[in-house]
Amino acid sequence: MYLSGIDPQTFHVTLANFNRSRTAVAIPCDDWEADESASLKMRLLEGRFLEEMRSSVCSLVDGVTTNPDEFVGWFESLIEWGPGQNHPLFDWLADHASAEEMKWFLTQEAAGEAGFDDLVAYTQVKLPTQAKLECARNYWDEMGRGKTKAMHGPLLEAMVQELQLTPSIETTEWESLALANTMLGLATSRRYTYQSLGALGAIELTAPRRAAKVSRAMQRLKFPRRSRRYFDLHAAIDVIHSRAWIQEIVRPLVSSHPESARFIAEGALMRLSCGQLCYDKYSQHMKLRLPAISRKKSVVVEPVYA
């Protein structure tokens, strides 16, 4: 379990394995009380990690407007200045990465995928009607509108199988695990519902650019067309999802609950900061000589485990 001074890799591997276990379908067991006790210890550690992340983005959240129109403008502007945006890694992947490097990147991304469909399902519990309906529409798209072959999760799994990737928690960089752990932690803790909505909205807002460049890299390397369907889909559909998420969820919530603006902003910045950590680590792993990345308005989250 947890030890004082534990390093981030060990912490996030442990938390990722815990998350996989606690979200798996299970059956009643005689030692359920022991399981619940162990679960509580991990949830407390998870909570400390998430609170540390909240603190690390507070300077970017201070002064965020509660005016609905102005907040929407602020949220949409994250695509230009938010942490990790316009990261040179993706142009490099699109134009220069080798097949081996690309497969390593895709393996990290697959291992760190938290499952957008499940995150939406967890987050929508007890939301107001308008927001709940938009979550339902988004979830239905994630479910391929009832068609198995169009479900987003299986499309990612198909890419893994097609390219013979072997993602596993133990061989994944902690930054990628931290991203998934953050998303699941926000979605499954009701006190972070607004943060989860902000984080999910940030994904929809910023994913299309990255997905398009990943798809371009896969085309350049002549990866099978079916292996890139997941990225082709998200390069297009998330543009639509982002507009709907902002207009049907973010704007109405800030209008009816102005205090939610800060928490939605926190979640968005937490998610984008996790992404920036990943992109920097991937660049370091592949020994890229990238131009300096402007961090004037960005934040790097270095978690504290204590």
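In the block above lies the structure referred to throughout.
Since the model is a prediction, treat every value here as computed from it, not as a measurement.

## Regarding the packing of helix 7 (residues 116-123) against helix 8 (residues 129-142)
Okay, so step 1: Orientation of helix 7 relative to helix 8, taken along the N-to-C sense of each, is 155 degrees, at an axis distance of 9 Å. When the axis of helix 7 is compared with that of helix 8, the two are roughly antiparallel. Where helix 7 crosses over helix 8, the handedness of that crossing is left-handed. Counted together, Phe116, Asp117, Val120 and Ala121 of helix 7 and Cys135, Asn138, Tyr139 and Glu142 of helix 8 form the full contact between these two elements.
Okay, so step 2: Partitioning the contact of helix 7 with helix 8 into residue classes produces five nonpolar, one polar and two charged.

## Section: the pattern of salt bridges
Okay, so step 1: Scanning all chains against the criterion turns up 16 salt bridges.
Okay, so step 2: For Glu80, the salt bridge is made with Arg209, and the minimal N-O distance between the two is 2.7 Å. Placement of the pair is Glu80 in helix 4 (residues 68-81) and Arg209 in helix 11 (residues 193-220), with a sequence separation of 129 residues.
Okay, so step 3: One connected set of salt bridges, linked through shared partners, spans Glu51, Arg54, Asp62, Arg262 and Glu266.

## A short note on helix 11
Quick reminder: α-helices carry 3.6 residues per turn. Residues three or four places apart thus point the same way.
Okay, so step 1: For helix 11, which comprises 28 residues, the first-to-last C-alpha distance of 40 Å matches the rise-based estimate of 40 Å (1.5 Å per residue) to within 8%.
Okay, so step 2: At Ala207, helix 11 shows its maximal bend, which comes to roughly 45 degrees, and the proline Pro208 appears one to four places after that position.
Okay, so step 3: Within helix 11, 21 of the 28 residues are buried, which leaves the element mostly enclosed by the surrounding structure.
Okay, so step 4: Trailing helix 11 by a residue or two, Lys222 shows a phi angle of about 60 degrees, which is positive.

## Topic: the packing of aromatic side chains
Okay, so step 1: By the definition in use, this model includes 10 aromatic pairs.
Okay, so step 2: Ring geometry for Phe71 versus Trp74: centroids 5.5 Å apart, planes at 25 degrees, classification stacked. Linking Phe71 with Trp74, this pair stays in helix 4, spanning three residues, or about one helical turn. Per residue, the accessibility class of Phe71 equals that of Trp74, and both read buried.
Okay, so step 3: Aromatic side chains Tyr230 and Phe231 sit 5.3 Å apart centroid to centroid with 90 degrees between the ring planes, which places their arrangement in the edge-to-face category.
Okay, so step 4: Residue classification places Phe231 among the buried positions, given a relative accessible area of 8%.
Okay, so step 5: An aromatic cluster is defined as three or more aromatic residues linked by ring pairs; in this entry it consists of Phe90, Trp104, Phe105, Tyr279 and Tyr282.

The rules we used
- All residue numbers refer to position in the chain's written sequence, counted from 1.
- Reporting of local features is limited, given that this is a predicted model, to residues whose pLDDT is at least 70; pairs of side-chain atoms are given and counted only at 80 or more, and all residues count toward the totals for whole chains, interfaces and linings.
- The basis for every side-chain value is the complete set of heavy atoms in the structure, and neither hydrogens nor water enter the calculation.
- To define axes, lines are fitted to C-alpha atoms, for helices over the stretch in contact only, and angles between the resulting N-to-C directions are given on a 0 to 180 degree scale.
- Numbered from the N terminus, helices here are DSSP runs of H or I no shorter than four residues, and strands are runs of E no shorter than two.
- Oblique is the label for any angle not covered by the other classes, which are roughly parallel (under 35 degrees), roughly antiparallel (over 145) and roughly perpendicular (65 to 115).
- The handedness criterion is simple: a crossing whose near helix is rotated anticlockwise from the far helix by less than a right angle is left-handed, and one whose near helix is rotated clockwise is right-handed.
- Contacts are residue-level and defined by heavy atoms, with any inter-residue pair within 4.5 Å sufficient.
- Gly is put with the polar residues, along with every residue not named as nonpolar or charged; the nonpolar set is Ala, Val, Leu, Ile, Met, Phe, Trp, Tyr, Cys and Pro, and the charged set is Asp, Glu, Lys and Arg.
- By salt bridge we mean one thing: a side-chain nitrogen of Lys or Arg within 4 Å of a carboxyl oxygen of Asp or Glu.
- Any helix carries an expected span of 1.5 Å times its number of residues minus one.
- Bend, at a single residue, is the angle you get between axes fitted to the 7 residues ending at that residue and the 7 residues starting at it.
- Here the term buried applies to any residue with accessible area under 20% of the maximum for its type, exposed to any over 50%, and partly exposed to those in between, with areas from a 1.4 Å probe on protein chains only.
- A pair of aromatic rings is counted whenever rings of Phe, Tyr or Trp (Trp by its six-membered ring) have centres within 6.5 Å, and the orientation is called stacked for planes under 30 degrees apart, edge-to-face for over 60 and tilted otherwise.

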